[in-house]
Amino acid sequence: MIARVAVWEPMPDDDREWVLEAAAGVPGVHGAYHLVDPATGNGLSVAFFEDEAAAAAARRAIVQRAEEIGWHNTPHPAPVSETIYHVVRHT
């Protein structure tokens, strides 16, 4: 299992439910969470995948959905960083 962690400074407050919905339908996606520090507005996006192939498939599904809804027609913030971790323990 792997995890993708994206750091946002600040976390966007626009509607991004479509991102979670696009990824949820992909086999090998184990969950995704958007976390926000209420004091700073900064946040984390954490997603869990069976393997790198599942992460890549989720990314493709998100890109496809973004194109369908015209997401890239206006500028949006990007994460400050994105890191892939290998999950070594989980419940």
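Anything mentioned here points back to the structure above.
Residues numbered from 1 in each chain as written. Predicted model: local features only at pLDDT ≥ 70, side-chain atom pairs only at ≥ 80, totals over all residues. Heavy atoms only, no water.

A few words now on the sheet that holds strand S1 (residues 2-8). The strand order S2-S3-S1-S4 describes an open sheet built from four strands, whose pairing is antiparallel. Taken across any chain shown, the strands that pair with only one partner, and hence form the sheet edges, are strand S2 (29-36) and strand S4 (81-86). Pairwise comparison of adjacent strand axes, ignoring direction, gives a mean angle of 15 degrees for this sheet. (Pairing = 2+ DSSP bridges. Helix = DSSP H or I, 4+ residues; strand = E, 2+ residues; numbered from the N terminus. Axes fitted to C-alpha atoms, helices over the stretch in contact; angles between N-to-C directions.)

Relative to the helices and strands, Glu52 resides in helix H2 (residues 52-69). Classification of Glu52 as exposed rests on a relative accessible area of 53%. When the C-alpha atoms of Glu52 and Asp37 are compared, they prove to be 28 Å apart, with 15 residues separating the residues in sequence. (Buried < 20%, exposed > 50% of the residue type's maximum accessible area, 1.4 Å probe, protein only.)

Let us look at a nonpolar patch on the surface. Together, Tyr33, Leu35 and Leu44 make up an exposed nonpolar region whose accessible area comes to about 280 Å². Along the chain, Tyr33 falls in strand S2. Tyr33 sits in the partly exposed class, given a relative accessible area of 48%. (Patch = residues over 30% accessible without salt bridge, like charges linked within 9 Å, V, L, I, M, F, W, Y side chains within 5 Å. Areas by Shrake-Rupley, 256 points an atom, 1.4 Å probe, with all protein chains shown as cover. Salt bridge = Lys/Arg side-chain N within 4 Å of Asp/Glu carboxyl O.)

On to the packing of aromatic side chains, then. Tallied over the entire structure, the rule returns one aromatic pair. Here the aromatic rings of Trp18 and Trp71 are separated by 5.1 Å at their centres, their planes lie at 55 degrees, and the arrangement is tilted. You can see Trp18 sitting in helix H1 (residues 17-24) and its partner Trp71 sitting in the loop between H2 and S4, a full 53 residues away along the chain. Relative accessible area serves as the criterion here: at 14%, Trp71 is assigned to the buried category. (Phe/Tyr/Trp six-rings, centres within 6.5 Å; stacked < 30°, edge-to-face > 60°.)

The next point concerns unusual backbone geometry. Pro10 follows Glu9 through a cis peptide bond whose omega is 0 degrees. Within the secondary structure, Pro10 is located in the loop between S1 and H1.

Glancing now at the pattern of salt bridges. This structure, assessed with the given rule, holds four salt bridges. Note that Arg65 and Glu68 form a salt bridge whose closest N and O atoms lie 3.2 Å from each other. Of the two residues, Arg65 and Glu68 both sit in helix H2, three residues apart, roughly one turn of that helix. A network of salt bridges, in which partner residues are shared, links Arg4, Arg59 and Glu82.

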